[in-house]
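A closer look at the structure
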Amino acid sequence: MEKTYDIIVGGGGIIGTAMSLAFAEHGLSVALVDETAFTVKDNSGFDGRAYALSSSTVKMLSVLGVWKELCKTAQPIFEIKVSDGIAGRGASPFFMHFHHHDMGSGPIGYMVEDRFLKSILLKKVLSKRSISKFFGSKILTQNVNANYISVGLKNKTTIISKLLVGADGRSSSIAQKSGIKRNTVDYEQTGIVCAVSHEKDHLGEAHQFFMPTGPLAILPLQKGVSSIVWTKKNSGVNHLESLSDEEFLEELAIRFGKFRGPIALKGKRYFFPLSLSIAKNLVSQRLALIGDAAHAVHPLAGQGLNLGMRDVASLAEIVTLARRCGEDYGMNEVLLRYSNWRDFDRLTLYSFTHMINKVFSNNNSILRTLRGLGMGAINNIPTIKKGLMKEASGQGKDLPILMTGRKI
Ligand SMILES: Cc1cc2nc3c(=O)[nH]c(=O)nc-3n(C[C@H](O)[C@H](O)[C@H](O)COP(=O)(O)OP(=O)(O)OC[C@H]3O[C@@H](n4cnc5c(N)ncnc54)[C@H](O)[C@@H]3O)c2cc1C
């Protein structure tokens, strides 16, 4: 049995579902394929993961009809403090301080929990008749010719389209099948993710604390809870995994410090091996990659998901405009517009996170002094500070239309 759609999206994670909604919102029929069988998860139980959404991502989620419900679960970020230090000795006296007042109106961004973001996106997808769901259906084959791409699913269905969008995560088999190679770097670090409650309110403050073994991010969530992303060299991780909750909390508390009073662990701890994985090309014949399938970066800047959301907004714009002009939106000429638009952003972000991780994750005393002085200097130069804040909140130049809060 063969069916034809305007677009096939392979991978129904956060980025693939957002992509499907963006196309559906602009009148395209979409086949959304994911190897996992989906049931809308109920909202019980915190699973540790949370994301810092930039204000431009939030604007796009509003257009996609998702933010109205999601914002009830979101925690605004009003301040970000970045400092350098050694566990037990406290932060260096020099630090960067970003306040939402420096940017104009509104918060710097919002923290949302993975479980809410995923389930609200999924609910929206389920409500759209123009999105055909192929859940529990792995993509097994891809055959491309001059006019279309045909995709074979595990359940023996074949679906056809002018364009396949690869949103199948950092080990993208869709990219592999099209011959796209990747650059990968194993950071030999693990991201330990958990949530803690604390005596004093976080007041919407986010902290990034650079330690020689890797950064510790303390990010505000609703109800006085903070999400922790603690990056640690792999050599010390087995030990942390083997500790009881009480022992683990003691180790964390040394790094966390006492500024919020006593802390308590909320729920489980999760361990993610960290690596960089960048597709060498964003497009191939009748294929475009988005999200982690295109570029999985270090989580230290909390920008991986936002980068993927910018892919979604850019590809939706290029395909929609090409289609309106009667162009074949799956042809190379159109796909190259997407690739050229995205290349600068993705290369900048991956070089930035890669470099920051290298410079900050070590204990060289000269580097520590320079880092502290550098942060102190940036903190006192308003133009640089404002520029950094604009980038972090996704308000840089050349924003796709969806990210300004308007339909294409
Ligand atoms: C510790 C940690 C903390 C992070 N914190 C932040 C943060 O604060 N802010 C931020 O912006 N980002 C953050 N990130 C990054 C963010 O988690 C990722 O960028 C994002 O989840 C990627 O989403 P995705 O949809 O592209 O990929 P995935 O979530 O990997 O989804 C891929 C989907 O494809 C499906 N699939 C795979 N293969 C196939 C196939 N052959 N056929 C069909 N379906 C398939 C899978 O089932 C899955 O549903 C963090 C990452 C880590 C590791």
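Per chain, the residues get numbers from 1 upward, laid out in the order the sequence is written. Predicted model: local features are reported for residues with pLDDT of at least 70 only, side-chain atom pairs are reported and counted for 80 or more only, and whole-chain, interface and lining totals are derived from all residues. Note that water and hydrogens are dropped before the side-chain values are worked out from all heavy atoms of the structure.

A few points about the side chain of D34
- Within the secondary structure, D34 is located in strand β3 (residues 30-34).
- One buried charged residue, D34, remains without a salt bridge, the closest side chain of opposite sign being K118 at 9.2 Å.
- In terms of polar contacts, D34 uses its side chain to reach the backbone amide nitrogen of T36, at 2.8 Å.
- Here, two residues are considered to be in contact whenever any of their heavy atoms come within 4.5 Å of each other. For D34, the residues in contact, after removing those within four places along its chain, are G11, G12, G13, F134, F135, G136 and S137. Strands are runs of DSSP state E lasting at least two residues, helices are runs of H or I lasting at least four, and both sets are numbered from the N terminus onward. Think of it in three bands: residues with accessible area under 20% of the maximum for their type are buried, residues over 50% are exposed, and the middle band is partly exposed, with areas taken using a 1.4 Å probe on protein chains only. Think of it this way: Lys and Arg go in the positive column, Asp and Glu in the negative one, and His and the chain ends go nowhere. A carboxyl oxygen of Asp or Glu within 4 Å of a side-chain nitrogen of Lys or Arg is what we treat as a salt bridge. Pairing of N or O atoms within 3.5 Å defines a polar contact, subject to two protein rules: one partner must be a possible hydrogen donor and the other a possible acceptor, and residues neighboring in sequence count only if both atoms are side-chain atoms.

Re the sheet that holds strand β2 (residues 7-10)
- Paired strands, in this sense, are two strands between which DSSP finds at least two bridges. Pairing within the open sheet is mixed, and its 6 strands lie in the order β9-β3-β2-β13-β20-β19. Edge positions in the sheet fall to β9 (131-135) and β19 (283-284), since each of these pairs with one other strand and no more.
- The pairing of β3 with β9 spans 5 bridges and is parallel. Among the inter-strand pairings, L32 is bridged to a residue of β9, identified as K133.
- Across the sheet, helix α4 (residues 114-127) lies against β3 and β9, angled at about 120° from β9, the strand it touches most. Here an angle of 0 to 180 degrees is reported between the N-to-C directions of two axes, which are lines fitted to C-alpha atoms, with helices fitted over the stretch in contact.

A closer look at the packing of helix α1 (residues 14-25) against helix α8 (residues 304-324)
- Axis separation between α1 and α8 bottoms out at 10 Å; the angle between their running directions is 25°. In terms of orientation, α1 lies roughly parallel with respect to α8. Considering the relative orientation of α1 and α8, their crossing is right-handed. Between α1 and α8, the residues in contact are I14, I15, A18, M19, A22 and F23 and L305, G308, M309, V312, L315, A316 and V319, respectively. An angle below 35 degrees is read as roughly parallel, one above 145 as roughly antiparallel, one from 65 to 115 as roughly perpendicular, and any other as oblique. Crossing chirality is assigned from the near helix's rotation relative to the far helix, an anticlockwise turn below a right angle marking it left-handed and a clockwise turn marking it right-handed.

A short note on unusual backbone geometry
- Within the chain, K156 stands out as a residue other than glycine whose phi angle is a positive 75°.
- Considering the arrangement of structural elements, one finds K156 in the loop between β11 (149-153) and β12 (158-161).
- The class for K156 is exposed, based on a relative accessible area of 72%.

Observations concerning the packing of aromatic side chains
- Here the aromatic set is Phe, Tyr and Trp, taking the six-membered ring for Trp, and pairing holds for ring centres within 6.5 Å; pairs whose planes are under 30 degrees apart are stacked, those over 60 apart are edge-to-face, and all others are tilted. Here the structure, examined in full by the defined rule, presents 4 aromatic pairs.
- A centroid spacing of 6.0 Å and a plane angle of 85° characterise the contact between Y5 and F134, whose relative ring orientation is edge-to-face. With Y5 in the loop between β1 (2-4) and β2 and F134 in strand β9, this pair connects stretches of sequence that are 129 residues apart.
- Of the residues examined, Y5 reaches a relative accessible area of 9% and is grouped as buried.
- When the ring of F256 is compared with that of F259, the centres are 5.5 Å apart and the planes differ by 20°; the resulting orientation is stacked.
- Of the residues examined, F256 reaches a relative accessible area of 3% and is grouped as buried.
- On the basis of relative accessible area, F259 is assigned to the partly exposed category, the value being 35%.

What about α1?
- Taking 1.5 Å of rise per residue, 12 residues should cover 16 Å, and α1 covers 17 Å from first to last C-alpha, within 8% of that figure.
- Regarding α1, the residues found buried are I14, I15, G16, T17, A18, M19, S20, L21, A22, F23 and A24.
- Where α1 ends, the next residue or the one after it, G27, has phi of about 85°, a positive value. Helices are assigned an expected span. That span is 1.5 Å times one less than the residue count.

Considerations on the side chain of R346
- Locating R346 in the fold gives a position in helix α9 (residues 332-360).
- Setting aside its immediate chain neighbours within four residues, R346 contacts I278, A279, K280, N281, L282, A294, H295 and L307.

Re the sheet that holds strand β5 (residues 75-77)
- In space, the 3 strands of this open sheet follow the order β4-β8-β5, with antiparallel pairing throughout. The open sheet is flanked by β4 (50-54) and β5, the only strands paired with a single partner. In this sheet, neighbouring strand axes are inclined to one another by 30° on average, regardless of whether the strands run parallel or antiparallel.
- Relative to strand β8 (residues 109-113), β5 is paired through 3 bridges, and the arrangement is antiparallel. Pairing of Q75 across the sheet is with M111, part of β8.
- Across the sheet, α4 is in contact with β4 and β8; its angle to β8 comes to roughly 85°.

Observations regarding the packing of helix α2 (residues 55-63) against α8
- Contact geometry of α2 with α8 gives a least axis separation of 10 Å together with a crossing angle of 45°. Compared by their axis directions, α2 and α8 come out oblique. Two packed elements cross with a definite hand, and for α2 against α8 that hand is left-handed. Contact residues: T57, M60 and L61 in α2; N306, M309, V312 and A313 in α8.
- Basically, the charged four are Asp, Glu, Lys and Arg, the nonpolar ten are Ala, Val, Leu, Ile, Met, Phe, Trp, Tyr, Cys and Pro, and anything else, Gly included, counts as polar. By residue class, the composition of the contact of α2 with α8 is 5 nonpolar, 2 polar and no charged.

Just distances and angles here, no functional claims.
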